[in-house]
Amino acid sequence: MAVIFTLLQAVLSGHNITAVLIGIVSFLVSLAVVSKLFAPRRKNPPPGPPGWPVLGNLLSLAPDPHLQLTAWRRKYGDVFSIKMGPQETVVVSGAEAMKEALVEKGKLFSSRPDMFLIRQVNHQFGIILSPYGDQWKAVRR
């Protein structure tokens, strides 16, 4: 904690605090607008709690995630969606819903999220974080 305070003090020394705060807020608002405009939207996502721009539902999960997820399960059912930062996540809970998702519809749930940075690092040749598909099967063999 002291390291963060020292770093902030070094960055802010000699600068107008109002200008720095306006810059930070402007950056966050711009990031929220850009992520909203260019984020791929799913056609029919499962219901879920509304989230904050950029942060999603992370602040709601902070103190006790298991209790919050249980409360959302009671409110939205066994399958609901939350935002983990900019990433939309589908939460499946309950034995019947999990069986349906993992056994009956296993191919739909067998992939990993497609993330730009992972794609660039792996150069489409990695197997651990690659999405499920023909290329994944070829590399696995």
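Look up a bit, the structure's there.
Residues numbered from 1 in each chain as written. Predicted model: local features only at pLDDT ≥ 70, side-chain atom pairs only at ≥ 80, totals over all residues. Heavy atoms only, no water.

Regarding the overall build of the protein
Then, number 1: Each helix and strand in the protein was counted, giving eight helices and two strands.
Then, number 2: Traced from its N-terminal end to its C-terminal end, the protein shows the element sequence α-α-α-α-β-β-α-α-α-α.
Then, number 3: Counting only contacts in the protein whose residues sit at least 6 apart along the sequence, the fraction spanning at least 24 positions is 34%.
Then, number 4: About 11,300 Å² of surface is accessible on the protein, with carbon and sulfur atoms providing 66% of the total. (Helix = DSSP H or I, 4+ residues; strand = E, 2+ residues; numbered from the N terminus. Contact = heavy atoms within 4.5 Å. Areas by Shrake-Rupley, 256 points an atom, 1.4 Å probe, with all protein chains shown as cover.)

Some details on the environment of Gly 94
Then, number 1: Structurally, Gly 94 can be placed in the loop between β2 (87–92) and α5 (95–104).
Then, number 2: In this structure, the C-alpha to C-alpha distance between Gly 94 and Arg 73, residues 21 residues apart in sequence, is 9.1 Å.
Then, number 3: The residues contacting Gly 94, other than those within four sequence positions of it, are Arg 73 and Asp 78.

Examining helix α4 (residues 65–76)
Then, number 1: Here α4 spans 16 Å end to end across 12 residues, near enough to the 16 Å set by a 1.5 Å rise per residue.
Then, number 2: In the stretch just after α4, Gly 77 is the one whose phi turns positive, near 100°. (Expected span 1.5 Å × (residues − 1).)

A word on the packing of aromatic side chains
Then, number 1: In total, this model carries one aromatic pair according to the counting rule given.
Then, number 2: Centroid distance Trp 72 to Phe 80: 6.5 Å. Interplanar angle 70°. Geometry classified as edge-to-face. In terms of burial, Trp 72 and Phe 80 fall into one category: buried. (Phe/Tyr/Trp six-rings, centres within 6.5 Å; stacked < 30°, edge-to-face > 60°. Buried < 20%, exposed > 50% of the residue type's maximum accessible area, 1.4 Å probe, protein only.)

What to know about the pairing of strand β1 (residues 79–84)
Then, number 1: When β1 meets β2, the two strands line up antiparallel, connected through six bridges. Bridge pairing links Lys 83 to Glu 88 in β2.
Then, number 2: Connecting the antiparallel pair β1 and β2 is a turn made up of two residues, with Gly 85 showing a positive phi of about 70°. (Pairing = 2+ DSSP bridges.)

As for the pattern of salt bridges
Then, number 1: Following the criterion strictly, the structure yields two salt bridges and no others.
Then, number 2: A salt bridge links Arg 73 to Asp 78; the nearest nitrogen and oxygen atoms lie 2.8 Å apart.
Then, number 3: Taking the relative accessible area as the measure of exposure, Arg 73 reaches 35% and is therefore partly exposed.
Then, number 4: Residue Lys 105 pairs with Glu 100 through a salt bridge whose shortest N-O separation is 3.2 Å.
Then, number 5: Given a relative accessible area of 35%, Glu 100 falls into the partly exposed group. (Salt bridge = Lys/Arg side-chain N within 4 Å of Asp/Glu carboxyl O.)

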